[in-house]
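# Examination of the molecular architecture
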Amino acid sequence: MTAMEREAGSAEGDHAAGRFGIAAKRRGAHDERIAEAGWLTRLLRRPEAGAAGGLIAALVIFAFLPGAKALYSLQGSMTFLTLSAELGIIATAAALLIIAGEFDLSVGSMIGFAGVVIGLTVRELGFPLWGGVLSAFAVAIVVGWFNGLIVVKTRLPSFIVTLASLFILRGLSIGITRTVTGRTQIPYILDGVPDPWTAEIFNGHILGGLFRWMGSQGWIDTRSDGLPFVPGIPMSIVWCIGVAIVAGWILTNTRFGNWIYASGGDADVARNVGVPVARVKILLFIGTACAATLLACIQVMEAGSADTLRGTLKEFEAIIAAVIGGVLLTGGYGTVIGAVLGALIFGFVQMGIFYTGIDTDWFKVFLGAMILIAVLVNNYIRAKALGERTAG
Amino acid sequence: MTEVPAIELKGVSKHFGSVIALRDIDIKVHPGEVHCLLGDNGAGKSTLIKILSGVHRPTHGQILVDGVPVSFRSPRDAAEYGVATVFQDLGMIPLMSISRNFFLGREPLKGIFPFTRFDKEKANTVSRQAMADIGIDIRDPTQAVGTLSGGERQSVAIARAIHFGAKVLILDEPTSALGVHQAAMVLKFVIEARLRGLAVIFISHNIHHAYPVGDVFTLLNRGRRAGTFRKSEITRDEVVAIMSGGEDLKAVEAEIDALLASIHQNEAARPSA
Ligand SMILES: Nc1ncnc2c1ncn2[C@@H]1O[C@H](COP(=O)(O)OP(=O)(O)OP(=O)(O)O)[C@@H](O)[C@H]1O
Ligand SMILES: [Mg+2]
């Protein structure tokens, strides 16, 4: 006890400290080492700060390029927002999984596979559309559960496990479709179905009345028949907003969200305090497979057909959007808003390059540079979040 | 001691394949007592507390809590019995906030299904209060744990254990990475926990940390228990001798001196540039 008291700074200790010109520490006193963090600093410390800055920069830069008028028109905006929304759906699910410390490379193949399931059940088995959609989601749950189970049971890197799924699912899509139909595409899925309204859920619009009214007022461009070019807000955007709100709410406001961060932050520690890490990860793998299936539904209803190659490389786009949005590749850190911002940048720049007439090949260069910058910025922001302690 | 030990090991062994990390260990820890585990590197201290905290299962032997045989399937299981552990590698997630770490696995909830949510306000106020109770004033419970100093992190872990009603508090080298002031702070929490009637198991290689707070000292040597002593039965110097693995420290010092002398000699012999 005595040694301790001496160390803790008893009267004697204070005296000694005074001799060396060290002010004794007083508990409860204001700690002069802590600079007050201003609102700007706190804002910049948010994981999605880089993405928000990037989006603003892109919006400004493209405004000065040729073709800006078309890009910023209602129609142009709706096009890039739709593109971003479709990516945002899978990016959001991918972000949750990455925050939990895992990857799913089978997302793109799952998009193709889900389309095939819808196509075959509707065309070959005579299911109504909703039956096809439910079948696809059921398959997605099994695929996601399987991916997750193998990852948590074998403790193999999910990168490898889902790389295998990427090939297996793509191969199955092509193989099954060719065996059954003799082709690699399934056309006319929507023809003669008993429930065309199911297609509307994924491919319709909302606020059609509002847009028609705005058209009649001359506020937005209309076709010769008086109907607006943009008939309303596409359902893909509605779905993306819905998915993002639910995912964001889960991540920041629920116990499950706390477990997601913990599973990716340090799975062993999380397990030790009783977090069911395996269950969290499996559920999130199911989440990415279901997000892929939702996107497949939107695309199938839009095109009226399924293509076995659909969704190719989408897994990377989803991961890229999440990373651009400040999600840490090593897990444990990131937000849903970030992933959505990442998807917005992705869609905007892709359409921007298209509208400005720049050779679209350059989009890939931009993408590569963007990834590199994003990862560097993420590292920096992470160090900021930890108050520099883990920098280097 | 007639009272029932808060936790007791009876004839516990632990094998890792062909490695016998622990052999036939008997230990009793009573409420309101600090029990120090001493021994050289690799003696089996960490393995012992991993058994006590449910990380490992003993190959042979029994664990008793309040005199009742139990078997821990996981650390969570052990925690249900009131056995809380502050791990050597800390058991905290650096990128998460203090309050999120504090309540990890036991999040307070509010709202009705399906809108049940993590009660962040409560988590913030309670964690701040629990830390204040053991004498730490945290500035901001939403601060990431990774930004805290080593001692502050330990204090969060200890406050968490006390708050969630631990009866047995296990600390594996909680002071090893700490400076003088912070180590003293952690030792203060150890005493605080003891005064609250917790049974504390404490591992340290530092005699200045172990001896002042310890009531009972158990020596481990190559996986075996080489003796248990009450503080009145053993002097600080004897504890030092035990902690150095029975080796004569004087001999080690002489060796180092000889080494230093030869280095100096070499330097003197080298022509100055
Ligand atoms: N999971 C494991 N698998 C195999 N051997 C292990 C395992 N864990 C511990 N050991 C072995 O058991 C012995 C005891 O290790 P332990 O970590 O308990 O030592 P310790 O007393 O805590 O040492 P230190 O003071 O260095 O922390 C060591 O020889 C170690 O190599
Ligand atoms: Mg150890």
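All values reported here derive from a predicted model rather than from experimental measurement. (Residues numbered from 1 in each chain as written. Chains lettered and ligands numbered in written order. Predicted model: local features only at pLDDT ≥ 70, side-chain atom pairs only at ≥ 80, totals over all residues. Heavy atoms only, no water.)

## Structural notes on the overall build of chain A
Looking only at helices and strands, chain A features 18 helices and 4 strands. Split into buried and exposed, the 392 residues of chain A put 48% on the buried side. At a minimum sequence separation of 6, the contacts of chain A that also span at least 24 residues come to 77%. A total accessible area of about 18,900 Å² is found for chain A, and carbon and sulfur atoms account for 66% of it. (Helix = DSSP H or I, 4+ residues; strand = E, 2+ residues; numbered from the N terminus. Buried < 20%, exposed > 50% of the residue type's maximum accessible area, 1.4 Å probe, protein only. Contact = heavy atoms within 4.5 Å. Areas by Shrake-Rupley, 256 points an atom, 1.4 Å probe, with all protein chains shown as cover.)

## A few points about the site of ligand 1
Residues and elements named next belong to chain B. The environment of ligand 1 is formed by 13 residues, the closest being Asn41, Gly42, Lys45, Ser46 and Thr47. Contact between ligand 1 and Ala43: an oxygen atom at 3.2 Å from a main-chain N or O atom of the residue. Between Lys45 and ligand 1, the recorded distance is 2.7 Å, taken from a side-chain N or O atom to an oxygen atom. Relative to its unbound accessible surface of 640 Å², ligand 1 loses 61% to contact with the protein. Of all the elements, helix H1 (residues 45-52) adds the most residues to the shell around ligand 1, at 3 residues. Here the residues of the shell around ligand 1 sort into 3 nonpolar, 7 polar and 3 charged. (Near = heavy atom within 4 Å. Polar contact = N/O pair within 3.5 Å; in protein donor to acceptor, adjacent residues only side chain to side chain. Nonpolar A, V, L, I, M, F, W, Y, C, P; charged D, E, K, R; others polar.)

## Remarks on the pattern of salt bridges
Residue and element names in this part refer to chain B. For the structure on display, the rule yields 10 salt bridges over all chains. In this structure, the salt-bridge partner of Asp119 is Lys110, at a minimum N-O distance of 3.8 Å. The buried category is assigned to Asp119, whose relative accessible area is 12%. Of the charged contacts, one joins Arg194 and Asp215 as a salt bridge, the two residues approaching to 2.9 Å between their closest N and O atoms. Residue Arg194 is found in helix H6 (residues 180-195), and its partner Asp215 is found in the loop between helix H7 (207-213) and strand E11 (216-221); the two are separated by 21 residues along the sequence. Look at Arg194 and you get partly exposed, because its relative accessible area is 26%. Taken together, the shared-partner salt bridges in this structure form one network comprising Lys110, Asp119 and Glu121. (Salt bridge = Lys/Arg side-chain N within 4 Å of Asp/Glu carboxyl O.)

## Considerations on the packing of aromatic side chains
All names here are of chain A. For the structure shown, the criterion picks out 16 aromatic pairs over all chains. Taking 6.0 Å as the distance between ring centres and 70° as the angle between the ring planes, the aromatic pair formed by Tyr72 and Phe348 counts as edge-to-face. In this pair, Tyr72 sits in helix H5 (residues 68-72) while Phe348 sits in helix H17 (residues 336-356), placing the two residues 276 residues apart along the sequence. For Tyr72, a relative accessible area of 36% gives the class partly exposed. (Phe/Tyr/Trp six-rings, centres within 6.5 Å; stacked < 30°, edge-to-face > 60°.)

## Brief notes about the state of the cysteines
Going through the model one piece at a time under the given rule, you end up with 0 disulfides over all chains. Cysteine Cys290 of chain A is unpaired, with the sulfur of Cys297 of chain A as its nearest cysteine sulfur at 9.9 Å. (Disulfide = S-S within 2.5 Å.)

## Here we look at the interface of chain A and chain B
In this complex, chain A contributes 37 residues to the contact, which on the side of chain B involves 43 residues. Of the roughly 3,200 Å² buried between chain A and chain B, counting both surfaces, carbon and sulfur atoms make up 61%. Summed over the shared surface of chain A and chain B, the result is 0 salt bridges. Across the contact surface, chain A and chain B share 7 residue pairs in polar contact (both at pLDDT 80 or more). Of all elements in the fold, only helix H1 (2-8), helix H12 (235-253), helix H13 (255-265), helix H14 (267-272) and helix H18 (361-385) of chain A reach the threshold of two or more residues within the side of chain A that touches chain B. Considering each element in turn, the side of chain A that touches chain B owes the most residues, 6 residues, to H13 of chain A. Broken down by class, the residue content of the side of chain A that touches chain B amounts to 18 nonpolar, 11 polar and 8 charged. (Buried area = accessible area lost by both parts, 1.4 Å probe.)

## Some words on unusual backbone geometry
Phe113 of chain B connects to Pro114 of chain B through a cis peptide bond whose omega is 0°. Within the chain, Leu313 of chain A stands out as a residue other than glycine whose phi angle is a positive 70°. Its location among the elements puts Leu313 of chain A in the loop between strand E4 (306-307) and helix H16 (314-324). At Asp24 of chain B, a residue that is not glycine, the phi angle is positive and equals roughly 50°.

## Thoughts on the packing of H13 of chain A against helix H15 (residues 277-303) of chain A
Residue and element names in this part refer to chain A. One way to put it is that H13 packs onto H15 with a least axis distance of 10 Å and a crossing angle of 100°. Judged on the interaxial angle alone, H15 and H13 are roughly perpendicular. Counting all contacts with H13, which are made through Phe256, Trp259, Ile260 and Ser263, the residues of H15 involved are Val277, Val280, Lys281, Leu283 and Leu284. Residue composition of the contact of H13 with H15, by class: 7 nonpolar, 1 polar and 1 charged. (Axes fitted to C-alpha atoms, helices over the stretch in contact; angles between N-to-C directions. Parallel < 35°, antiparallel > 145°, perpendicular 65-115°, else oblique.)

## Some thoughts on the packing of helix H8 (residues 129-154) of chain A against helix H9 (residues 158-181) of chain A
All names here are of chain A. Across the interface, H8 lies against H9 with an axial gap of 9 Å and an inter-helix angle of 145°. For H8 against H9, the interelement crossing comes out right-handed. Along its contact with H8, which presents Val143, Asn147, Ile150 and Val151, the element H9 presents Ser158, Val161, Thr162, Ser165 and Leu169. (Left-handed = near helix turned anticlockwise from the far one by under 90°.)

## Section: the confidence of the model for chain A
Residue and element names in this part refer to chain A. Across chain A, the average pLDDT comes to 85, with 88% of residues at or above 70. Low confidence marks residues 1-14, where pLDDT is under 50. Its contacts with residues over four positions away, or in another chain, come to 20 contacts. Predicted confidence is poor over residues 20-34, with pLDDT under 50, and the contacts of this stretch with residues over four places away or in other chains come to 11 contacts. (pLDDT = per-residue confidence, 0-100.)

## Here's the deal with the side chain of Asn101 of chain B
Residues and elements named next belong to chain B. Tracing the backbone shows Asn101 in helix H3 (residues 98-102). Asn101 sits in the buried class, given a relative accessible area of 0%. Engagement of the side chain of Asn101 in a polar contact is seen with the backbone nitrogen of Ile93, the distance being 2.8 Å. Once residues within four sequence positions are removed from consideration, Asn101 is found in contact with Met92, Ile93, Met96, Val145 and Arg160.

## Some details on the sheet that holds strand E3 (residues 33-38) of chain B
All names here are of chain B. In space, the 6 strands of this open sheet follow the order E6-E9-E10-E3-E11-E12, with mixed pairing throughout. Looking at strand neighbours, the two that pair on one side only are strand E6 (83-86) and strand E12 (224-230), the edges of this open sheet. With direction set aside, neighbouring strand axes in the sheet form an average angle of 20°. Where E11 and E12 come together, 6 bridges link them in antiparallel fashion. If you follow Leu220 over to E12, its bridge partner there is Arg225. Packed onto the sheet, H1 meets E3, E6, strand E9 (168-172), strand E10 (199-203) and E11 and runs at close to 150° relative to E10. Together, E6 and E9 form the strand contacts of helix H5 (residues 150-163), whose direction differs from that of E6 by roughly 175°. (Pairing = 2+ DSSP bridges.)

## Description of the confidence of the model for chain B
Scored by pLDDT, chain B comes out at a mean of 84, with 93% of its residues at no less than 70. Scored as a complex, the prediction yields pTM 0.82 and ipTM 0.77.

## Things to note about the domain arrangement of chain B
Interface size is commonly expressed as the accessible area that is lost once the parts come together. Each domain of chain B was delimited in the assignment, giving domain 1 (7-95 + 150-234) and domain 2 (246-273). The C-alpha-based centres of domain 1 of chain B and domain 2 of chain B are spaced at 38 Å. (Domains from an automatic or database assignment.)

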